[in-house]
Amino acid sequence: MNILAIDTSTMISTVTISDGVEILGDFNVNQQKTHSESLVPMIENLLKLLGMEVADIDKFVIAKGPGSFTGLRIGMTIAKTLAQASKKELIPVSTLLALANNSSSDRLKVPMIDARGNRIYGAVYDKDFKEIIKEDLYTIDVFKDLVNDLDSEVELIGTMNEKYGDKFTKAVKLPLNFNNSIGRSLIKIALLDDYEPVDLYKIRPNYLRASQAERELLKNDKKDGSKGRR
């Protein structure tokens, strides 16, 4: 079974291909170009290098977020287009869960993604990757209190480690090779027997919060409503 995984949750564009037994190719680029410029050429080039075509892929996997609004939309659109055109299954996987799966230790795993403004997308998983603290948008101070209250040794996974690592009392900061590039973990999760298929047309990015444009619109609506009551 050939599986192609895509992640555009952050600045890193990721395309990974596996035959279900080993990783055949893994393409990760951290760059200033937009995902819309880089992702399709990455997919085409990796398939070509492996002597494969889209028709050879049996299953697609997409990191559904949380993460970059624009990145998630681009990755999801391309993944759904490929799955629909080839009439193959698309599996959506939490970006935070995939990031946690970069580690296989017995410690609690604390993946974090930058949400800007002293906020992070975060969650806590146990050694079996069951959710201990639900994935959500947190201020870093609220999140570190929740994690420290667990009074357990944890692993911090993600590029926020250097910025916020000192806020956690019993934390191990994993080195850079664990902190991004989750294509291999997406493949690992997609191969689990208990992963339920999802209707392609019901798959949506998991933003966890409204976009900047939506927040501005809501703010303006509230202002207009207040004026109308005067």
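Only a predicted model underlies this, so the values are computations on that prediction, with no experimental measurement involved. (Residues numbered from 1 in each chain as written. Predicted model: local features only at pLDDT ≥ 70, side-chain atom pairs only at ≥ 80, totals over all residues. Heavy atoms only, no water.)

In this fold, Asn 101 is placed in the loop between helix H3 (95-100) and strand E6 (108-114). You can call Asn 101 buried: its relative accessible area is 9%. Polar contacts involving the side chain of Asn 101 include one to the main-chain carbonyl oxygen of Leu 97, which spans 2.9 Å. Beyond its immediate stretch of four places on either side in the chain, Asn 101 contacts Phe 129, Ser 185, Lys 188 and Ile 189. (Helix = DSSP H or I, 4+ residues; strand = E, 2+ residues; numbered from the N terminus. Buried < 20%, exposed > 50% of the residue type's maximum accessible area, 1.4 Å probe, protein only. Polar contact = N/O pair within 3.5 Å; in protein donor to acceptor, adjacent residues only side chain to side chain. Contact = heavy atoms within 4.5 Å.)

This part is about the pairing of strand E2 (residues 12-18). Consecutive residues of a regular strand have side chains that alternate between opposite faces of the sheet. Where burial is concerned, most of E2 is hidden: 7 out of the 7 residues are buried. Burial of E2 is two-sided: the residues Ile 12, Thr 14, Thr 16 and Ser 18 facing one way and the residues Ser 13, Val 15 and Ile 17 facing the other way are all buried. Direction of pairing for strand E1 (residues 3-7) relative to E2: antiparallel, over a ladder of 5 bridges. Pairing of Ile 6 across the sheet is with Val 15, part of E2. Counting the residues between successive antiparallel strands, the hairpin from E1 to E2 contains 4 residues. Here 7 bridges tie E2 to strand E3 (residues 23-30), and the two strands are oriented antiparallel to one another. (Pairing = 2+ DSSP bridges.)

Every buried residue of helix H4 (residues 140-148) is accounted for by Ile 140, Phe 143, Val 147 and Asn 148. Seen from one end, H4 has its buried residues packed into an arc of 130°, which puts them on one side. In the core, the buried residues of H4 are packed alongside E6, strand E7 (119-125), strand E8 (131-139), strand E9 (154-157) and helix H5 (161-164). (Arc of directions from axis to C-beta.)

So, on to the domain arrangement of the chain. As far as domains go, the chain holds domain 1 (3-95 + 181-212) and domain 2 (103-178). Using C-alpha coordinates to define each centre, domain 1 is positioned 24 Å away from domain 2. Summed over both partners, the interface of domain 1 with domain 2 buries about 790 Å², with 54% contributed by carbon and sulfur atoms. When the area that domain 1 buries against domain 2 is broken down by residue, the three leading residues are Pro 66, Leu 208 and Arg 209, summing to 55%. Our count for the contact surface shared by domain 1 and domain 2 stands at 0 salt bridges. Taken together, the connections running from domain 1 to domain 2 amount to 2 residue pairs in polar contact (both at pLDDT 80 or more). Tallied by class, the residues present in the side of domain 1 that touches domain 2 amount to 4 nonpolar, 5 polar and 2 charged. (Domains from an automatic or database assignment. Buried area = accessible area lost by both parts, 1.4 Å probe. Salt bridge = Lys/Arg side-chain N within 4 Å of Asp/Glu carboxyl O. Nonpolar A, V, L, I, M, F, W, Y, C, P; charged D, E, K, R; others polar.)

Another point: the pattern of salt bridges. What the rule picks out here adds up to 8 salt bridges. Glu 153 is the salt-bridge partner of Arg 107, the closest N and O atoms lying 3.4 Å from each other. Placement of Arg 107 in the loop between H3 and E6 and of Glu 153 in the loop between H4 and E9 is noted, with a sequence separation of 46 residues between them. Of the residues examined, Arg 107 reaches a relative accessible area of 28% and is grouped as partly exposed.

It is worth spelling out unusual backbone geometry at this point. Look at the link from Gly 65 to Pro 66: it is a cis peptide, with omega at 10°. With respect to the secondary-structure elements, Pro 66 resides in the loop between strand E4 (59-63) and helix H2 (69-86). Despite not being glycine, Asp 151 shows a phi value in the positive range, around 55°. Positionally, Asp 151 belongs in the loop between H4 and E9. Phi is positive for Ser 181, which is not a glycine, with a value near 55°. Mapped onto the fold, Ser 181 is located in the loop between strand E10 (171-173) and helix H6 (183-190). A relative accessible area of 26% means that Ser 181 is categorised as partly exposed.

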